[in-house]
Amino acid sequence: PATVADTIAPTTALIGGCAGTQYGCCSDGRSYATGPNMLGCPGTSSASPATVADTIAPTTALIGGCAGTQYGCCSDNRSYATGPNMLGCPGTSSASPATVADTNCGCSAGGTAVYRMTFNAVWSDPTPPSNSPHWSRPIGTSHSPCYTMWKNGILSSPGMKSMAEVGGTSLLSQEFRNQSTQVRATILSSRIGTASGSSSTTFQVDRYHYLASVATMIAPSPDWFVGASSVNLCQGNAWKNSSMLVYPWDAGTDSGADWNSGNVATSPPEPIARITATSARTTVFRKATGATASLGTIQFQLISVTPGDSGIVNPQCTRCPGDTTATNAPTAGQGSGSGRSAAVESFAILLAVLLPMFLLA
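Parameters and conventions
Residues numbered from 1 in each chain as written. Predicted model: local features only at pLDDT ≥ 70, side-chain atom pairs only at ≥ 80, totals over all residues. Heavy atoms only, no water. Buried < 20%, exposed > 50% of the residue type's maximum accessible area, 1.4 Å probe, protein only. Helix = DSSP H or I, 4+ residues; strand = E, 2+ residues; numbered from the N terminus. Arc of directions from axis to C-beta. Contact = heavy atoms within 4.5 Å. Pairing = 2+ DSSP bridges. Axes fitted to C-alpha atoms, helices over the stretch in contact; angles between N-to-C directions.

A. Just helix H2 (residues 170-178), in detail. When we look at burial in H2, the residues that qualify are Leu 172, Ser 173, Glu 175 and Phe 176. End-on, the buried residues of H2 take up no more than an arc of 160 degrees, which puts them together on one face. Seen from the buried face of H2, the exposed residues on the opposite side, beyond 90 degrees, are Ser 170 and Arg 177. If you follow the buried residues of H2, they end up packed against strand S3 (139-143), helix H1 (158-166) and strand S4 (183-188).

Structure follows, in structure tokens:
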């Protein structure tokens, strides 16, 4: 049977936009109904109907993956049926179906999409420290599933260490360049010189590089930051907006116990971890209620889409480089956020072998 992975344009198209919401499109083909019988559409309500493009988080969620195909999911909730009565699903055909995640790295949206990333810093509860807290330049990238800038539980790369400790951006930018096939664009915005404020910039994504990651230092902390990791901006064959609250993270590279601590290198480095209300490291983010304060929001808003795939580089990430066991699973080097390509790793090994021989000759 045909599956989503068998073709760039699956025979059963994924549903996106207003057509993928719970109650479908209004008669204008763009707004979405908020209830049965065109509820909330023009002419049926005095209120202007919401549209998928108007809101970061529509109240009726878009349908993606196998759930958005014509005949729905198979029993594994990942493969999709090619006809009624689970036709083409495991157990009804001798062929093993592939999955939505296998196609175009998991995204079927066309063209090059331009997004605006906005970091809204909102630090008021608890009251910020008195020594002029501020934010470094938010930096990030749009990338494929085969690249990881940062995430919970992995060690910080040199670039992430520099960003979290001193607000540096040059090392992370170099790491992005080292992953030129897996990375599409650098996201770099202006610093915020106060505890609360806003900073935004635009960047591009495509169907191979449809994830976005970004981070900014909470200054002048030891190694604390906020950010977003591998945010999916694609829903089946459509681009979508995304918004999230941000919370403090510890990069695991400096052991300073509190806001005003001096530089105390963590040896060995520790994995990236959330700073929670029970963290022993600091109380500066603890609200009177005992909960950890959110420090604002990061929003990704779709601005425009240019049709066509001219100039888009396919990183062949239906199977990540060096991975022979799983689809779209980061390899050990990429998962650690090291930012080093396989070619660089190979060259380093060769140099380590040949250099001593040359010196002794």
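Still more ground to cover, so stick around.
B. Geometry of the sheet that holds strand S5 (residues 197-205). Sheet architecture is open: four strands sit in the order S5-S1-S13-S10, paired in antiparallel fashion. The outermost strands of the open sheet, each flanked by one partner alone, are S5 and strand S10 (242-245). Averaged over all pairs of adjacent strands, the angle between their axes in this sheet comes to 15 degrees, without regard to strand direction. Both S10 and strand S13 (residues 296-306) contribute to a ladder of four bridges, which runs antiparallel. By the bridge assignment for S13, Met 244 is matched with Ile 298.

C. Seen up close, H1. Where H1 is concerned, the buried positions are Gly 159, Met 160, Ser 162, Met 163, Ala 164 and Glu 165. Positioned one or two residues after H1, Gly 167 has a phi angle of 75 degrees, which is positive.

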